[in-house]
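Chain by chain, the residues:
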Amino acid sequence: MTHYFSCQKIQTFQIVEFQSGVDLLCTFTPALYDLIFLDVMMPELDGFQVAEQIRKMDLHVDLIFVTSMEDQIQKGFDYNAKGYLYKEVHQEQIDTLLNRLLVERKRSDKFYKVRLKGETANTLLHLADILYFEVHNKDIYGFTQNETFTFRGKIAQLEQDLVPKGFLRVHRSYLINQKKIFKNFGNQIVLRGGFEIPLSRKYKSLVQENIKKRWQ
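Residues numbered from 1 in each chain as written. Predicted model: local features only at pLDDT ≥ 70, side-chain atom pairs only at ≥ 80, totals over all residues. Heavy atoms only, no water.

1. Side note on helix 6 (residues 155-162)
Helical geometry note: an α-helix holds 3.6 residues per turn, so side chains three or four residues apart project in the same direction.
At step 1: Buried within helix 6 we find Ile 155, Leu 158, Asp 161 and Leu 162. Projected onto a plane normal to the axis of helix 6, the buried residues spread over an arc of 120 degrees and lie on a single side.
At step 2: Here the buried face of helix 6 lies against strand 4 (111-114), strand 6 (132-136), strand 7 (139-143), strand 8 (148-152), strand 9 (167-171) and strand 10 (174-177). (Buried < 20%, exposed > 50% of the residue type's maximum accessible area, 1.4 Å probe, protein only. Helix = DSSP H or I, 4+ residues; strand = E, 2+ residues; numbered from the N terminus. Arc of directions from axis to C-beta. Contact = heavy atoms within 4.5 Å.)

2. Points about the environment of Leu 85
At step 1: The residue Leu 85 is located in strand 3 (residues 83-86) in this model.
At step 2: Given a relative accessible area of 3%, Leu 85 falls into the buried group.
At step 3: As for Leu 85 and Leu 97, which are separated by 12 residues in sequence, their C-alpha atoms are 8.4 Å apart.
At step 4: Ignoring anything within four residues of it in the chain, the contact list for Leu 85 reads Phe 37, Ile 64, Phe 65, Val 66, Thr 67, Gln 93, Ile 94 and Leu 97.

3. Quick look at the sheet that holds strand 9
At step 1: Read from one edge of the open sheet, five strands run 8-7-6-10-9, paired in antiparallel fashion. Each end of this open sheet is capped by a strand with a single partner; those strands are strand 8 and strand 9. Pairs of neighbouring strands in the sheet enclose a mean axial angle of 25 degrees, with direction left out of account.
At step 2: With three bridges connecting them, strand 6 and strand 10 associate as antiparallel partners. Bridge pairing in strand 10 places Phe 133 opposite Leu 175.
At step 3: The strands that helix 6 touches are strand 6, strand 7, strand 8, strand 9 and strand 10; relative to strand 10, the one it contacts most, it runs at about 25 degrees. (Pairing = 2+ DSSP bridges. Axes fitted to C-alpha atoms, helices over the stretch in contact; angles between N-to-C directions.)

4. Observations regarding the packing of aromatic side chains
At step 1: Considering all chains together, one arrives at 12 aromatic pairs under this definition.
At step 2: Aromatic side chains Tyr 84 and Tyr 86 sit 6.3 Å apart centroid to centroid with 15 degrees between the ring planes, which places their arrangement in the stacked category.
At step 3: The buried category is assigned to Tyr 84, whose relative accessible area is 11%.
At step 4: For Tyr 86, a relative accessible area of 29% translates into the label partly exposed. (Phe/Tyr/Trp six-rings, centres within 6.5 Å; stacked < 30°, edge-to-face > 60°.)

5. Looking at the side chain of Thr 144
At step 1: Secondary-structure assignment places Thr 144 in the loop between strand 7 and strand 8.
At step 2: In contact with Thr 144, other than residues within four places in its own chain, are Asp 129, Ile 130, Leu 131, Phe 149 and Phe 195.

6. Some remarks on the sheet that holds strand 12 (residues 188-191)
At step 1: One open sheet accounts for three strands, arranged 11-12-13; its pairing is antiparallel. Across the chains shown, the open sheet's two edge strands, defined by having one partner strand only, are strand 11 (181-184) and strand 13 (195-198). In this sheet, neighbouring strand axes are inclined to one another by 30 degrees on average, regardless of whether the strands run parallel or antiparallel.
At step 2: Judged from the four bridges that link them, strand 12 and strand 13 form a sheet pairing that is antiparallel. Along strand 13, the bridge assignment pairs Ile 189 with Ile 197.

7. Considering the environment of Gly 21
At step 1: Structurally, Gly 21 can be placed in helix 2 (residues 21-27).
At step 2: Counting along the chain gives 27 residues from Gly 21 to Phe 48, while the straight-line C-alpha distance between them is 9.8 Å.
At step 3: For Gly 21, the contacting residues outside a window of four places in its chain are Met 42 and Val 50.

Written out as structure tokens, the structure reads:
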């Protein structure tokens, strides 16, 4: 694994190993890991049982099963597995799998899947077009330069999903696209197009720190 990241010139990463699935679950928290490799054959809880518990807490982390039995493939997809590695595992297998996942991750960073109000199918929002999100009760409003759309959700979940994709929480009711920031006027942020967004004291230092990093 370290060999792959070094070859790809990815400098910031951390690999954590656990002796069992139980050890992993004891310390697991949502959004802590990007990718988890699970051996199907483990003591106490097997890989599928561990995956079932993970999915109750985190729907987004990528899961890869390691197995020697091809008839276990279908069961893994019940937990939205991204793939399998077959024993004995070789570096070439790992490289091929990680290359595919990196391509998928880069594509997914550009979009966000939601079910808009009044629609029966999911819609992929192009994140580069979005200025900000605003929450009212259980409705979230998304704003582009020329369009407004609505979907049901919680801003805390939206924050968890979109902060890694370049968005920033600035107020209990607002999440903004950092790339759309035009000016920061202390208690207010102005986005491109003249959209004025309140900046609460709770988030001020975090916002200023992020803006400083972007403009350095």
